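# Structural features, examined
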Amino acid sequence: MNYRITSIPGDGIGPEIVTEAKKVLQKIGERYGHTFTFTDILMGGASIDVHGVPLTDEAIQTAKDADAVLMGSIGGNTVTSPWYRLAPDKRPEAGLLKIRKALGLFANLRPAMLYDELAAACPLKAEISRAGFDMMMLRELTGGLYFGERKTEMIDGKMTAVDTLTYNEDEIWRAAVKGFEIAMKRRKKVTSVDKANVLDSSRLWRKVVEEVAADYPEVTLEHMLVDNCAMQLVKNPAQFDVVLTENMFGDILSDEASMITGSLGMLPSASLNDTKFGLYEPSGGSAPDIAGKGIANPIATILSAAMMLRYSFDLDQEADAIEAAVKQTLKDGYRTIDIMPQDGNTDGVTQVGTAKMGDLICERIV
Ligand code: NAD
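The structure reproduced in this document is the subject of the present report. (Residues numbered from 1 in each chain as written. Predicted model: local features only at pLDDT ≥ 70, side-chain atom pairs only at ≥ 80, totals over all residues. Heavy atoms only, no water.)

## Remarks on the overall build of the protein
Worth spelling out the cut-off: Numbered from the N terminus, helices here are DSSP runs of H or I no shorter than four residues, and strands are runs of E no shorter than two. Within these notes, the globule rule equals 2.2 Å times the number of residues to the 0.38 power, and the radius of gyration is based on C-alpha atoms. We call a residue buried when its accessible area falls under 20% of the maximum for its residue type, exposed when it is over 50%, and partly exposed in between, using a 1.4 Å probe and counting protein chains only. Any two residues having at least one pair of non-hydrogen atoms within 4.5 Å are treated as being in contact. Note that accessible areas follow from Shrake-Rupley with a 1.4 Å probe, and for residues the cover is restricted to the protein chains shown.
Tallying secondary structure elements over the protein gives 12 helices and 14 strands in all. Whereas a compact globule of 366 residues would reach a radius of gyration of roughly 21 Å, the protein reaches 21 Å, a difference of no more than 12%. Oriented by its inertia axes, the alpha-carbon framework of the protein measures out at about 60 × 50 × 45 Å. Counting the 366 residues in the protein, one finds 53% classified as buried. Here the analysis covers contacts within the protein between residues at least 6 apart in sequence; of these, 75% occur between residues at least 24 apart. Just so you have it, the protein exposes about 16,300 Å², and 52% of that area is on carbon and sulfur atoms.

## Some details on the pairing of strand S6 (residues 150-155)
What counts here: At least two DSSP bridges between two strands are needed for those strands to be called paired.
As judged from the six bridges shared by S6 and strand S7 (residues 158-163), these two strands associate in the antiparallel manner. Each residue of the ladder has a partner; that of Arg-150, found in S7, is Asp-163. Counting the residues that bridge the hairpin from S6 to S7 gives two residues, and of these Asp-156 lies at a positive phi of roughly 50°.

## Some points on the site of the ligand
As a reminder of what qualifies: Consider each residue's heavy atoms; a residue with any of them within 4 Å of a molecule or strand counts as near. In protein, a polar contact means a hydrogen-donor-capable atom and an acceptor-capable atom, both N or O and within 3.5 Å, with residues adjacent in sequence counting only if both atoms are side-chain atoms; elsewhere, any N or O pair within 3.5 Å suffices. Note on residue classes: Ala, Val, Leu, Ile, Met, Phe, Trp, Tyr, Cys and Pro are nonpolar, Asp, Glu, Lys and Arg are charged, and everything else, Gly too, is polar.
Within the structure, the ligand sits among 21 residues, and Gly-76, Glu-93, Gly-285, Ala-287 and Asn-297 are positioned closest to it. Side-chain polar atom of Glu-93 to an oxygen atom of the ligand: 2.4 Å apart, as the coordinates give it. A distance of 3.0 Å separates a nitrogen atom of the ligand from a polar side-chain atom of Glu-281. In the complex, 65% of the free accessible area of the ligand, which totals 820 Å², lies under the protein chains. Sorting the residues of the shell around the ligand by element identifies strand S3 (68-73) and helix H4 (92-102) as the ones contributing at least two each. Per-class residue counts for the shell around the ligand are nine nonpolar, eight polar and four charged.

## Re the sheet that holds strand S11 (residues 268-272)
Selection rule: Lines fitted to C-alpha atoms define the axes, with helix axes restricted to the stretch in contact, and inter-axis angles between N-to-C directions lie between 0 and 180 degrees.
Across the sheet, which stays open at both edges, the 10 strands sit in the order S2-S1-S3-S12-S11-S4-S5-S10-S8-S9 with mixed pairing between neighbours. What marks the edges here is a single partner per strand, and that holds for strand S2 (35-40) and strand S9 (220-225). The mean angle between the axes of side-by-side strands here comes to 25°, regardless of whether they run parallel or antiparallel. Sheet analysis places strand S1 (residues 2-10) next to S3, joined by five bridges and oriented parallel. Considered in S3, the bridge of Ser-7 is made with Leu-70. Across the sheet, helix H8 (residues 226-235) touches strand S5 (134-140), strand S8 (189-194) and S9, and the angle it forms with S9 is around 105°.

## Quick notes on the nonpolar core
Which entries qualify depends on this criterion: In this text, buried Ala, Val, Leu, Ile, Met, Phe, Trp, Tyr and Cys residues form a nonpolar core when linked through side-chain atoms within 4.5 Å.
Among the nonpolar cores identified, the biggest contains 64 residues, and Phe-36, Leu-109, Tyr-280, Leu-309, Phe-313, Ile-322 and Val-326 are the most heavily contacted of them. Among the elements that line this core, the one with the most residues is helix H10 (residues 299-311), at nine residues. Filtering out sequence-adjacent residues up to four positions away, Leu-109 remains in contact with Met-136, Met-137, Leu-138, Ile-182, Pro-268, Ser-269, Ala-270, Leu-272, Met-307 and Tyr-311. By size, the runner-up hydrophobic cluster in this structure holds 18 residues, among which are Ala-112, Leu-124, Val-226 and Val-243.

## Some remarks on the environment of Asp-49
Here Asp-49 lies in helix H2 (residues 45-51). When the C-alpha atoms of Asp-49 and Ile-128 are compared, they prove to be 48 Å apart, with 79 residues separating the residues in sequence.

## Topic: the packing of helix H3 (residues 57-65) against H4
Axes are the key here: two packed helices are described by the angle between their axes and the distance separating the axes. Just so we agree on the cut-off: The scheme is simple: roughly parallel for angles under 35 degrees, roughly antiparallel for over 145, roughly perpendicular for 65 to 115, oblique for anything else. Working rule for handedness: look at the near helix, and if it is turned counterclockwise from the far one by less than a right angle, call the crossing left-handed; if clockwise, right-handed.
Interhelical geometry of H3 versus H4 gives an angle of 45° and a closest axis separation of 11 Å. As summarised for this structure, H3 and H4 are arranged oblique, according to the angle between their axes. By crossing handedness, the relation of H3 to H4 is classed as right-handed. Contact residues: Asp-57, Ile-60, Ala-63 and Lys-64 in H3; Lys-98, Ile-99 and Ala-102 in H4. Looking at the contact of H3 with H4 residue by residue, the class counts come to four nonpolar, no polar and three charged.

## Topic: the side chain of Ser-269
As for its placement among the helices and strands, Ser-269 is situated in strand S11. Judged by relative accessible area, Ser-269 falls into the buried class, the value being 5%.

## Structural notes on the pattern of salt bridges
Note the threshold: Each salt bridge in this description consists of a side-chain nitrogen of Lys or Arg and a carboxyl oxygen of Asp or Glu lying within 4 Å of one another.
Applying the stated rule across the entire model yields 26 salt bridges. Here Arg-110 ties to Asp-255 by a salt bridge, and the two come within 3.1 Å at their closest N and O atoms. Taken together, the residues span a long stretch of sequence, with Arg-110 in strand S4 (residues 107-113) and Asp-255 in helix H9 (residues 247-261) at a distance of 145 residues. Here Asp-316 and Lys-185 are joined by a salt bridge, their closest N and O atoms 2.8 Å apart. With Asp-316 in helix H11 (residues 316-331) and Lys-185 in the loop between helix H6 (169-184) and S8, this pair connects stretches of sequence that are 131 residues apart.

## With respect to the side chain of Thr-191
In this structure, Thr-191 sits in strand S8. With residues up to four places along the chain from it excluded, the contact list for Thr-191 reads Glu-222, Met-224, Phe-240, Val-242, Val-243 and Leu-244.

So, in structure tokens, the structure goes:
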């Protein structure tokens, strides 16, 4: 089968890490009999330099015409780059907000898992990390507090600020459906996180999630208050499979979940709309400090490509093959500089650059 992928190399290390993800997809294509056709578009600083804007309408159309989008990262050094002397709506990051909106991407997925080989980097106590963890954080991305009405005004002689947290049942419904669909591809458990003891929006969230759950009898649903979830993530992360939550809670909890892996450079992410379409990108940024040196870790982008296979193309076996190849490469002792052991003990460990890491992963795809 032929899959059309729009790729956004972007800025900084973006082009280097996207090249490796494409290399791995080509290898999957050869091994499993698929064709992946890539069309590059400019976004972020790369687009500003050529078109004067961070994303053109033509580029958006190219993305819409594809089956999925694979992105590196965008942006530059926010202090020294001339891109940051432009008005906020002309800066690199405006391109990302624009494409998310244009593509209707409302569900953000960020897996957080502990690799045995990198367990030493996990900041949790050994008796907790020993159990391992492998969870998928699903954050609603386009509603809630960040998109509600806001104002700051003088009331009774005091400056008073108001932010509004609004969700309607359709917004909750579509996010919940994504959560349950993803749980069906995993260990079939959803933890829905809210603050239903205080917030009306959370009580509606809980009601709608329960209605959606009725369509997925194989999936176990539990509800958890957000404050408890923040604690449970560091106390017993092994209990989580899919964590389903609204925008602001998800913003905070997904960073906490990333942090406990101890290896941010390894984490992929996806933003999905209500079809199978999605935009896949590493969780990290464009790392201008190491751009062009050939040392960036491409694994998060390669794992983002695996997520694309799983969630946009339903190629679960092929996604498994990429994830297994990454694990085997780590097991064989290969590391990019960011995931080298911190304790100075490099026995059995070999440091490699970006392209070599891509090659090693390709060699291990079976
Ligand atoms: P960053 O994630 O780019 O870098 C933070 C640190 O992590 C740096 O030391 C960097 O070298 C390292 N790092 C990041 N990815 C790495 C990789 N794959 N391999 C090895 N090391 C890696 O965050 P920042 O420095 O705060 O931001 C730099 C630029 O990236 C800014 O312009 C920011 O706006 C942008 N940004 C873009 C995205 C995106 O494209 N979605 C996300 C976050 C930040």
